[in-house]
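As a plain string of letters, each chain reads:
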Amino acid sequence: HATKTGSHHTLREAVANTYKAMSQEGYIMSCDGNVSARVPGNDGTGTDGTFLITPSGVMIPDLTPDKVVECQTLTGRPLPNETYKPSSEYNLHKSVYAARPDVGGIVHSHSIYASALACCRIDLPPSHYAVCELLPEFDFSSKDGGSISKPQPCDAVVKCAEYHTYGTMALSKATTEALGNNYAVIMANHGAIVVGATLEDAMYNQERLERECEIYWKSVQLSSVSPPKPLTLPQIQNLQFADSGYGQDKVSIPDEDLPAKANHNETSAATTTTETEPTTAITTTTTTPPSASTDSNTPGTVITNPIKGRCA
């Protein structure tokens with residue numbers, strides 16, 4: 001059974017504090033949204049796996065750590081000694097933890113710009129390079145830019161999941177599927193689910209998502225001049241390769257070592273090119289479709305996930 005002392009109490013405090021931080025940042029109001037954290041030491045695949053989640057209908061000022069609810073990851077049901085009802089989205093959190101063993105924290109937000117894209121049911125493409133922080137690692141070791149075991153770079157968008165009524169199994173299923181291996185998913189006419197290895201990572205990713213949605217929203221306002229142009233596959237490959245040399249403890253990657261020999265300024269199909277390779281485009285559901293590029297995707301190495309805050 002759950003205890004409310006020691007490490008459990010510390011994690012309950014983290015869940016409650018993260019929820020309050022969501023409100024302070026303007027990502028939620030009233031008793032919107034929810035936050036959860038996987039209990040350390042549980043892999044989430046057996047009957048002993050549990051997670052802690054914010055309660056249903058408790059206003060932000062009234063939330064205290066003892067009101068955070070511990071639930072079974074396998075069923076989503078609260079443990080017997082819990083006195084509060086878990087968030088109405090407990091099934092969604094349960095579903096994500098079951099599908100993603102790497103996830104240790106989840107935040108569900110109704111932030112303004114992510115919700116604006118959600119209302120229009122728009123995917124978020126990597127027209128700004130930092131969107132790639134919300135995407136998983138890609139395997140560029142094969143000619144087509146992917147492999148059986150790794151996601152295809154043509155899925156290099158933060159997807160918008162289908163709309164379903166909140167709290168339903170249909171919403172849980174659709175949102176978990178659209179999340180895939182990404183670190184964020186937009187929920188049609190609703191908000192977003194953002195994940196991370198820890199709650200701190202999930203909150204960083206939430207901040208990144210909202211910022212990137214705002215950048216995209218503002219760039220769409222310039223569509224009469226030029227629509228947003230997502231990165232091409234070679235550009236994503238070079239970006240992720242460059243990440244392997246980012247930071248104080250890494251050796252920077254020289255330009256000549258970048259694996260994809262592409263024109264880094266070419267972002268539009270309207271650009272004249274002499275390349276003869278087949279066109280490779282990143283798909284998206286936006287109302288201003290991204291332009292395809294005729295850059296070829298040169299085989300390279302398996303690239304690790306982008307690190308956080310690499311712009312500094």
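Before any of the text, the structure's been laid out above.
So, how was this worked out
- Residues numbered from 1 in each chain as written.
- Predicted model: local features only at pLDDT ≥ 70, side-chain atom pairs only at ≥ 80, totals over all residues.
- Heavy atoms only, no water.
- Buried < 20%, exposed > 50% of the residue type's maximum accessible area, 1.4 Å probe, protein only.
- Helix = DSSP H or I, 4+ residues; strand = E, 2+ residues; numbered from the N terminus.
- Contact = heavy atoms within 4.5 Å.
- Salt bridge = Lys/Arg side-chain N within 4 Å of Asp/Glu carboxyl O.
- Axes fitted to C-alpha atoms, helices over the stretch in contact; angles between N-to-C directions.
- Parallel < 35°, antiparallel > 145°, perpendicular 65-115°, else oblique.
- Left-handed = near helix turned anticlockwise from the far one by under 90°.
- Nonpolar A, V, L, I, M, F, W, Y, C, P; charged D, E, K, R; others polar.

## Quick notes on helix α2 (residues 90-99)
In terms of burial, α2 is a largely internal element, 7 of the 10 residues being buried. Regarding α2, the residues found buried are Asn91, Leu92, His93, Lys94, Ser95, Val96 and Tyr97. Structurally, α2 contributes buried residues whose contacts are with β1 (34-38), β2 (50-53), β4 (105-109), α4 (169-179), β6 (184-187) and β7 (191-196).

## With respect to the pattern of salt bridges
Taken as a whole and assessed by the stated rule, the structure comprises 7 salt bridges. The residue Glu177 makes a salt bridge to Lys173 at a minimum N-O spacing of 2.7 Å. Here Lys173 and Glu177 lie together in helix α4, a separation of 4 residues that amounts to about one turn. Each member of the pair Glu177 and Lys173 is classed as exposed. In this structure, a network of salt bridges that share partners links the residues Arg12, Glu70 and Glu82.

## Observations concerning the packing of helix α3 (residues 112-119) against helix α5 (residues 199-220)
Look at α3 against α5: their axes get within 7 Å of each other, and the N-to-C directions meet at 60 degrees. With respect to each other, α3 and α5 are oriented oblique. For α3 against α5, the interelement crossing comes out left-handed. Facing α3, whose interface residues are Ile112, Tyr113, Ala114, Ala116 and Leu117, α5 presents Leu209, Glu210, Cys213, Glu214, Tyr216, Trp217 and Lys218. Partitioned by chemical class, the residues of the contact of α3 with α5 number 9 nonpolar, no polar and 3 charged.

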